[in-house]
Amino acid sequence: MRKTDKQPKRKTGLDYFLIFWVSLLIVLGVGLGGLFLIRGGVANPPEEDPEAPVASVDARPIPQAASPKEETEEPLQEPEPEPEPEPEPAEPVTLAFAGDILFDPSYAIMSAINKNGGEISSAFSPDLMEEMRNADFFLVNNEFPYTTQGSPLPNKAFTFRAKPESVRFLQDMGADLVGLANNHASDYGEISLLDTLDTLDGAGIPHIGAGHDLSEAAAPYYYETGDLRIGFIAATQIERLDPPDTKGATDSSPGVFRCWDPKKLLEVIRDAKTQCDFLVVFIHWGTESQEAVDWAQTDQAPKIAEAGANLIVGAHPHVLQKIDIVSGVPVAYSLGNYLFNSKTLDTGLLKAVISPEGELQELAFLPVLQSGCRASLLSGEEKERVLAHMRSISGNVEIDRDGKITW
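Residues numbered from 1 in each chain as written. Predicted model: local features only at pLDDT ≥ 70, side-chain atom pairs only at ≥ 80, totals over all residues. Heavy atoms only, no water.

Topic: the overall build of the protein chain
Cut-off, in case you're wondering: In this text, helices come from DSSP runs of H or I with a minimum length of four residues, and strands from runs of E with a minimum of two, each type numbered from the N-terminal end. For the exposure calls, accessible area comes from a 1.4 Å probe over protein chains only, and a residue counts as buried if that area is under 20% of its type's maximum, exposed if over 50%, partly exposed in between. Every residue pair with non-hydrogen atoms within 4.5 Å of one another is taken to be in contact. Per-residue and other accessible areas were derived by the Shrake-Rupley procedure at a 1.4 Å probe size, with only the shown protein chains allowed to occlude residues.
Check the secondary structure of the protein chain and you find 10 helices and 18 strands. Expressed as a percentage of its 407 residues, the buried residues of the protein chain come to 45%. Taking contacts inside the protein chain between residues at least 6 apart in sequence as the whole, the part at least 24 apart equals 67%. Summed over its atoms, the accessible surface of the protein chain is roughly 22,700 Å², and 53% of this surface lies on carbon and sulfur atoms.

Concerning the sheet that holds strand β11 (residues 323-326)
For clarity, the cut-off: Here, any two strands with at least 2 DSSP bridges between them count as paired. In this analysis, axes come from line fits to C-alpha atoms, helices being fitted only over the stretch in contact, and the angle between any two N-to-C directions falls in the range 0 to 180 degrees.
With mixed pairing, 6 strands are arranged side by side in an open sheet as β6-β7-β9-β10-β12-β11. Strands at the two margins of the open sheet, each flanked by one partner only, are β6 (221-225) and β11. Here the strands of the sheet are splayed against their neighbours by 20° on average, with no regard to which way each runs. Of the strand pairs in this sheet, strand β7 (residues 228-236) and strand β9 (residues 278-284) are connected by 7 bridges, and their pairing is parallel. Residue pairing in the sheet places isoleucine 233 in a bridge with valine 281 of β9.

Observations concerning the environment of aspartate 100
Relative to the assigned elements, aspartate 100 resides in strand β1 (residues 93-101). When the C-alpha atoms of aspartate 100 and threonine 347 are compared, they prove to be 9.9 Å apart, with 247 residues separating the residues in sequence. Not counting residues within four places of it along the chain, the set of residues in contact with aspartate 100 comprises Asn141, Glu143, His284, Ala315, His316, His318, Gly336, Asn337, Tyr338, Leu339 and Phe340.

Some points on the pairing of strand β15 (residues 360-371)
Judged from the 10 bridges that link them, strand β14 (residues 345-354) and β15 form a sheet pairing that is antiparallel. Paired with leucine 349 across the strands is leucine 366, a residue of β15. What sits between the antiparallel neighbours β14 and β15 is a turn of 5 residues, in which glycine 358 has the positive phi angle 90°. Direction of pairing for β15 relative to strand β16 (residues 374-377): antiparallel, over a ladder of 4 bridges. If you follow leucine 369 over to β16, its bridge partner there is serine 376. Connecting β15 to the next strand, β16, in antiparallel fashion are 2 residues, including glycine 372 with a positive phi near 60°.

Notes on unusual backbone geometry
Geometrically, the link from isoleucine 238 to glutamate 239 is a cis peptide bond, its omega value of 5° lying close to zero. With respect to the helices, strands and loops of the structure, glutamate 239 is situated in the loop between β7 and β8 (255-256). The peptide bond linking aspartate 242 to proline 243 adopts the cis configuration, its omega dihedral lying at 0°. Locating proline 243 in the fold gives a position in the loop between β7 and β8. With a phi angle near 65°, asparagine 155 is a residue other than glycine that sits in the positive phi range. In this fold, asparagine 155 is placed in the loop between β2 (137-142) and α5 (168-173). The exposed category is assigned to asparagine 155, whose relative accessible area is 83%. For histidine 318, which is not glycine, the phi dihedral falls at a positive 70°.

Notes on the packing of aromatic side chains
In this description, an aromatic ring pair is defined by two values, namely the gap between the centres and the angle between the planes. Which entries qualify depends on this criterion: The criterion for an aromatic pair is that two Phe, Tyr or Trp rings (for Trp, the six-membered ring) have centres within 6.5 Å, with stacked assigned to planes under 30 degrees apart, edge-to-face to planes over 60 apart and tilted to the rest.
Tallied over the entire structure, the rule returns 11 aromatic pairs. Their ring planes at 35° and their centres at 5.6 Å tell us that phenylalanine 124 and tyrosine 338 sit as a pair that is tilted. Of the two residues, phenylalanine 124 sits in the loop between α3 (108-115) and α4 (126-134) while tyrosine 338 sits in strand β13 (residues 337-339), which places them 214 residues apart along the sequence. A ring pair is formed by phenylalanine 144 and tyrosine 146, whose centres lie 4.9 Å apart and whose planes are at 65°; its orientation type is edge-to-face.

What to know about the environment of phenylalanine 124
Judged by its relative accessible area of 1%, phenylalanine 124 falls in the buried class. The spatial distance from the C-alpha of phenylalanine 124 to the C-alpha of glutamine 370 is 9.2 Å, given a sequence separation of 246 residues.

Section: the pattern of salt bridges
This is how the line gets drawn: Each salt bridge in this description consists of a side-chain nitrogen of Lys or Arg and a carboxyl oxygen of Asp or Glu lying within 4 Å of one another.
Taken as a whole and judged by the stated rule, the model has 13 salt bridges. For lysine 351, the salt bridge identified is with glutamate 131, shortest N-O distance 2.9 Å. One end of the pair, lysine 351, is in strand β14; the other, glutamate 131, is in helix α4, with 220 residues separating them in the sequence. What emerges from the salt-bridge pattern is a single network uniting Glu119, Arg168 and Asp172.

As structure tokens, this is what we get:
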């Protein structure tokens, strides 16, 4: 038979040998690769803790949702109250006092004021106006009634009255209080005093020394600033006759607070002293046109001081009198005319500085000249002239070149 197909080749022993070794190499390769994967941690990851949070792909912990209790914020603490601001330190108080003034249009002062434009500023030098207005409290002696009614008292040499509208001059001067305890308060009868009280009340200007009855006439006025309380009392010895032309107030009738018999005045002083830190007595006394103090002044001054006054200021003589120390208390016996007539007269403005504790810290006399119906604050040689005169009559005190008074 002809053999046309190719017969398969029989495998030899070499062939089987090669197959064995190739198969072995393949098995070994696969096994080593698997071992590598196992050791790299991919094939068999570690067992998870059931309580552990699930990690994100980048292996950072995923924040867990907070419970309602955890979401509640701690309560805000109340802010501590701000400390109270420190109180402003109390300042000393400056009091100013002046003598007699007159706004009667029948006399020279008002005639000059009206001729010069009708303003009170024309009657004072600008620096004196400034002193009056800058004082914390200014008291002046109002030596006339404000009225258009009544008749002049008979047998009286001088009777005064001013138009009620002229009360504005007190405001322009800076007056805070006026004394009415004088011998001209009711020159046109009882109605003139009552009109004066109404006029001053209507202008909002306090007054002392006269009233609808004795209780009102004798009542002190108290000025209060901060914790400091300063009292003021006004009384008059004038006229020294019985009965006087200027009636004294009674329990049921109007008039001035008379102190020719000082018993009532001393009672009022003692009581007022318990109500204030510093007490001023503004008194109408002395003899007209006399520089020397009289026996009634020297008799009452120590009684007033010992009753409780811290400062005594006088008026009525129309001239300056000495400044003295009586029972430890300073007494300016008379400040003279301030703006009263056309005469050329030395006068002054008395200034007292009161400490916040109610102590007299400083006392000074500022020389003033009344001349030509005008009052001017003095300086230079004229100031020294007046101060030298005050030193000569005030032997128990020292007065320096600025007018400061010490003892």
